[in-house]
Amino acid sequence: MKILFLASEADPFVKVGGLGDVAGSLPYALRALGHDTRLVLPFHSNLNTSGLNMHRETVFTVPRNGSDEPVQVSHTEINGLPIYLISGEPISKTASVYSPIPHVDGEKYTFFSMAALELARRLEWAPDILHANDWHTAPAVYAMYLKKQNGDPLFAKTKSVLSIHNLGFMGAGSSEQLAAYGLPPVTDEALPAWARHMPLPLGLWAADELVAVSPTYAEEILTPDFGCDLDGFLRTRSATVTGIVNGIDYSLWDPSADDSITAKFNADHLDARAANKAALQKRFGLAIDPSIPLLAMVTRFDPQKGVDIALEALRHVNDLPWQAIFLGTGHANLEASARRLEADLPDRVCAVLRFDARLSREIYAGADIFLMPSRYEPCGLAQMIAMRYGALPLARAVGGLRDTIVHNQTGFLFAGASPHALSVSLRSALKKFPNAKTWRAMQRRAMAQDFSWARSAGQYVELFEALIK
Ligand code: NHF
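One structure accompanies this document, and this report is about it. From a predicted model like this one, the values you see are computed outputs, not experimental measurements.

1. Focus: helix α4 (residues 102-122)
Right, so step 1: Counted at 1.5 Å a residue, the expected span for α4 with its 21 residues is 30 Å, and the 30 Å between its end C-alpha atoms agrees.
Right, so step 2: Here α4 lies mainly inside the structure; 17 of its 21 residues are buried.
Right, so step 3: Positioned one or two residues after α4, Glu-124 has a phi angle of 50°, which is positive.

The structure is reproduced here in structure tokens:
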């Protein structure tokens, strides 16, 4: 199959969130399964292209409000995967992948989406599958739908798939930009009126298949609690909604080969893991004691992630022995709450308020329990990494967390997004911790899970094949 894969960000060029991990892995995994996958990204000036051989592929224009908007395309290759980087005025305007100004991103990603489709034409490369991701590339799905309606032969056989990594971000405020590139509102009343001219809803409306990044998230978005007011519309499309859990890159996340950690280890040599915990305790001025459970949270400090829930819950279990490290940055009020807990419990809590990829690895390798009390979690990657490194996740049973963690087997799940629910679950996990035999058995089971990309790419391929049949 020929698969045109569009994304706003991809590792190793740039990674802002989980989408960067996905777009930095899935296209390679699809290619490894024998499919002609090609990745298209916007060429932001802050992209890391060091060591890559880049060459100018082509230049062309896309129509915008009666004039022509110039597009330049560069080409490179990583591990055999062709990658096209799109430049042009709307993209060079900002150095960063996402701007806080809605219409700036609306302009950029509508331009990018239109340019990516036009690129396929210039390459005379008719894709079997157009695979878009989130709101940024959803306009391509809608634009292709319109092109097909107008009898465009290039896309006559192309099917579109839109992956939903986060339904909450829809690209609001881009209506004028969509119109400028010739994308009118839809009139279908199945879509709520406010959504008829917004990038993500248009993509959800036009795509042949919708993929949520976990089976549970696929169910959740059909409900009022998680549907962001599109649940009614999504229920009308429920036959075309599936869930496929993301993977993690096993070569990048491997505790037996990770140079960032103090002591490498694997499931057969878990003893060696203790040195990582001791190193963390020492570095952060905590009592160096293997018998005290070390809790950790590595996250964006965002209400979605439930940092506030974790901070409050720890106060509820203050009668038990534990230590905790928080790593991440984000909302100022959440950072301040973390600082307060650290000030109140200085000998057991450490708040490291920065982005630190290396330290995150040391934490995965040394922590005993990894907290993820997310309010919603489409898939979640950190719990899979934690399991791979033998840190047992303690997470809310939501979205991908529910699909990847087996309660009391590979981690701990609890139901409500509240400090009380978390503290009850944490209390029972902390009680289990002194039983080294059971704990180790859980760690081994967690480490043995298969979260490889090969597995999810296989599921995507099955879906693509069914679509084009
Ligand atoms: O893993 C990549 C990521 C997910 O749960 C995560 C999220 C955003 O919130 O699919 O997208």
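2. Quick notes on unusual backbone geometry
Right, so step 1: Cis geometry is found at the peptide bond from Asp-11 to Pro-12, where omega equals 0°.
Right, so step 2: The residue Pro-12 is located in the loop between β1 (2-6) and α1 (18-23) in this model.
Right, so step 3: Positive phi outside glycine occurs at Asn-408, with the angle close to 65°.
Right, so step 4: Tracing the backbone shows Asn-408 in the loop between α15 (399-404) and β15 (412-414).

3. Quick notes on the site of the ligand
Right, so step 1: Taken together, the residues surrounding the ligand are Gly-18, Leu-19, Val-22, His-165, Val-213, Asn-246, Gln-304, Glu-377, Pro-378, Cys-379, Gly-380 and Leu-381.
Right, so step 2: At a separation of 2.6 Å, an oxygen atom of the ligand approaches a polar side-chain atom of Glu-377.
Right, so step 3: Within the complex, 92% of the 300 Å² of free accessible area of the ligand lies under protein.
Right, so step 4: Considered class by class, the residues forming the shell around the ligand number six nonpolar, five polar and one charged.

4. A word on the sheet that holds strand β7 (residues 159-164)
Right, so step 1: Taking strand neighbours across the sheet as the criterion, the nine strands line up as β3-β4-β5-β2-β1-β6-β7-β8-β9 in an open arrangement whose pairing is mixed. Two strands close off the open sheet at either side, each with one partner strand: β3 (55-64) and β9 (241-243). Sheet twist, expressed as the mean angle between neighbouring strand axes with direction ignored, is 25°.
Right, so step 2: Across three bridges, the pairing between β1 and strand β6 (residues 129-133) is parallel. Paired with Phe-5 across the strands is His-131, a residue of β6.
Right, so step 3: Packing of helix α7 (residues 199-206) onto the sheet brings it into contact with β7 and β8 (209-212), and relative to β7 it is tilted by some 135°.

5. Quick notes on the side chain of Ser-456
Right, so step 1: Note that Ser-456 resides in helix α18 (residues 453-468).
Right, so step 2: Classification of Ser-456 as buried rests on a relative accessible area of 1%.

6. Overview of the pattern of salt bridges
Right, so step 1: Scanning the model with the defined rule gives 22 salt bridges in all.
Right, so step 2: Of the charged contacts, one joins Glu-118 and Arg-121 as a salt bridge, the two residues approaching to 3.3 Å between their closest N and O atoms. One end of the pair, Glu-118, and the other, Arg-121, are both in helix α4, three residues apart, so they sit about a helical turn from each other.
Right, so step 3: Exposure remark for Arg-121: the relative accessible area of 29% places this residue in the partly exposed category.
Right, so step 4: Close ionic contact of Asp-356 with Arg-354 constitutes a salt bridge, the shortest N to O distance being 2.9 Å.
Right, so step 5: Of the residues examined, Asp-356 reaches a relative accessible area of 18% and is grouped as buried.
Right, so step 6: Taken together, the shared-partner salt bridges in this structure form one network comprising Glu-118, Arg-121, Arg-122 and Asp-152.

7. Comments concerning the side chain of Glu-69
Right, so step 1: Tracing the chain through its elements places Glu-69 in strand β4 (residues 67-78).
Right, so step 2: The side chain of Glu-69 sits in the buried core without any salt bridge; Arg-64 is the nearest counter-charge, 4.6 Å away.
Right, so step 3: Each residue touching Glu-69, except ones within four places of it in the same chain, is listed here: Phe-60, Thr-61, Val-62, Arg-64, Glu-89, Pro-90, Phe-111 and Tyr-181.

8. Side note on the packing of helix α11 (residues 307-316) against helix α16 (residues 419-432)
Right, so step 1: Packing of α11 against α16 brings their axes to within 8 Å, and their N-to-C directions diverge by 55°. Considering their axes alone, α11 and α16 lie oblique with respect to each other. Judged by the twist between their axes, the crossing of α11 over α16 is right-handed. Contacts between α11 and α16 involve Ile-309, Ala-310, Glu-312, Ala-313, Leu-314 and His-316 from the first element and Pro-419, His-420, Leu-422, Ser-423, Leu-426 and Arg-427 from the second.
Right, so step 2: Each residue belonging to the contact of α11 with α16 can be placed in one class, and the counts come to seven nonpolar, three polar and two charged.

Procedures and definitions
- Residues numbered from 1 in each chain as written.
- Predicted model: local features only at pLDDT ≥ 70, side-chain atom pairs only at ≥ 80, totals over all residues.
- Heavy atoms only, no water.
- Helix = DSSP H or I, 4+ residues; strand = E, 2+ residues; numbered from the N terminus.
- Expected span 1.5 Å × (residues − 1).
- Buried < 20%, exposed > 50% of the residue type's maximum accessible area, 1.4 Å probe, protein only.
- Near = heavy atom within 4 Å.
- Polar contact = N/O pair within 3.5 Å; in protein donor to acceptor, adjacent residues only side chain to side chain.
- Areas by Shrake-Rupley, 256 points an atom, 1.4 Å probe, with all protein chains shown as cover.
- Nonpolar A, V, L, I, M, F, W, Y, C, P; charged D, E, K, R; others polar.
- Pairing = 2+ DSSP bridges.
- Axes fitted to C-alpha atoms, helices over the stretch in contact; angles between N-to-C directions.
- Contact = heavy atoms within 4.5 Å.
- Salt bridge = Lys/Arg side-chain N within 4 Å of Asp/Glu carboxyl O.
- Lys, Arg positive; Asp, Glu negative; His and termini not counted.
- Parallel < 35°, antiparallel > 145°, perpendicular 65-115°, else oblique.
- Left-handed = near helix turned anticlockwise from the far one by under 90°.

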